[in-house]
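Okay, here's what each chain looks like letter by letter:
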Amino acid sequence: MKFNLFRILVLLMSLAACTLVAKEHYPQDEKANQLTEAVNRLWTGLSHEADSGPDIKVLNDLFHDNAVITGIRQESNQSELSQLTKSDFLTRIDKVNPYSFTEIELDRITYLYDNWASVQSIALSERTQDGKTDTFKGINSIQLAYDGKHWKIISLFYALESQSPMKLEALEHTTNAPQ
């Protein structure tokens, strides 16, 4: 069977058309890719080199104007809860730091339904100053909404490592839906 250049071009154009149709019929795939990119931008936006600070522009674009950031730290066996608006959070972290800070995501579970997503993750934070690196883990629950163009973080909950092990697995999965 002989193939000529024309047949090969027709075949390639057909494959390209099928790919475009597939994306049209599966918009969730594109949303899922954008969601992954948004969560990755969170970690890179928070990370910075020494004598600089987080990328406030990236974080400002990523968080919804009404976003809430809630955190728990363990101090002397006491839980310390803080809750900040987007504006307060960005103001608090918008400074030049003498240390480098890197957020490295270790584990992620993502739930996506239409224009809503929930991401559960564990991140390792590394803070390096004067050749000394401190590391700690945090568990994060990030809720995002899709506004038709971009994913926006509407809430972020984080808890810094305590004595309990950090792992992402369901304690219980309950369904009451008819089978």
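Residues numbered from 1 in each chain as written. Predicted model: local features only at pLDDT ≥ 70, side-chain atom pairs only at ≥ 80, totals over all residues. Heavy atoms only, no water.

## Some words on the pattern of salt bridges
Moving on, step 1. For the coordinates displayed, the defined rule picks out four salt bridges.
Moving on, step 2. Across the salt bridge formed by Lys 86 and Asp 65, the nearest N and O atoms sit 3.0 Å from each other. Residue Lys 86 is located in helix H4 (residues 86-93), and its partner Asp 65 is located in strand E1 (residues 63-75); the two are separated by 21 residues in the primary sequence.
Moving on, step 3. Looking at Lys 86, the relative accessible area reads 5%, which means it is buried.
Moving on, step 4. The salt bridge partner of Glu 105 is Arg 108, with a shortest N-O separation of 2.4 Å. (Salt bridge = Lys/Arg side-chain N within 4 Å of Asp/Glu carboxyl O. Helix = DSSP H or I, 4+ residues; strand = E, 2+ residues; numbered from the N terminus. Buried < 20%, exposed > 50% of the residue type's maximum accessible area, 1.4 Å probe, protein only.)

## Details of the packing of aromatic side chains
How two aromatic rings sit relative to each other is given by the distance of their centres and the angle of their planes.
Moving on, step 1. Under the definition given, this model contains two aromatic pairs.
Moving on, step 2. On the numbers, 5.8 Å between centres and 55 degrees between planes, the contact of Phe 63 with Phe 89 is tilted. In this pair, Phe 63 sits in strand E1 while Phe 89 sits in helix H4, placing the two residues 26 residues apart along the sequence.
Moving on, step 3. Of the residues examined, Phe 63 reaches a relative accessible area of 1% and is grouped as buried.
Moving on, step 4. Phe 89 sits in the buried class, given a relative accessible area of 11%.
Moving on, step 5. Look at Tyr 146 and Trp 151: their rings are 5.2 Å apart centre to centre, the planes differ by 55 degrees, and that puts the pair in the tilted class.
Moving on, step 6. In this structure, Arg 127 is placed above the aromatic ring of Tyr 99, and the distance from its NZ or CZ to the ring centre is 3.8 Å. (Phe/Tyr/Trp six-rings, centres within 6.5 Å; stacked < 30°, edge-to-face > 60°. Lys NZ or Arg CZ within 6 Å of the ring centre and 35° of its normal.)

## Regarding the nonpolar core
The nonpolar side chains of a soluble globular protein tend to be buried with one another.
Moving on, step 1. One finds Leu 42, Phe 63, Phe 89, Ile 142, Leu 144 and Ile 153 to be the most contacted residues of the largest nonpolar core, which totals 26 residues.
Moving on, step 2. A per-element tally of this core places helix H2 (residues 27-46) first, with six residues.
Moving on, step 3. Not counting chain neighbours up to four residues away, the residues in contact with Ile 153 comprise Leu 42, Leu 62, Phe 63, His 64, Ala 67, Ile 142, Gln 143 and Leu 144. (Core = buried A, V, L, I, M, F, W, Y, C linked by side-chain atoms within 4.5 Å. Contact = heavy atoms within 4.5 Å.)

## Focus: H4
Helical geometry: 3.6 residues make up each α-helical turn, so side chains three or four residues apart lie on a common side.
Moving on, step 1. Within H4, the full set of buried residues consists of Lys 86, Phe 89, Leu 90 and Ile 93. Angularly, the buried residues of H4 cover 95 degrees about the axis, an arc narrow enough to put them on a single face. For H4, the exposed residues set more than 90 degrees away from the buried face come down to Thr 91 and Arg 92. (Arc of directions from axis to C-beta.)

## Some thoughts on the confidence of the model for the protein chain
Moving on, step 1. The share of residues in the protein chain with pLDDT of 70 or more is 75%, and the mean pLDDT across the chain is 83.
Moving on, step 2. Per-element mean pLDDT across the protein chain ranges from 50 in helix H1 (residues 5-25) up to 98 in helix H3 (residues 56-62).
Moving on, step 3. Low pLDDT (under 50) marks residues 18-26, which in the prediction has one contact with non-local residues, meaning those over four places away or in another chain. (pLDDT = per-residue confidence, 0-100.)

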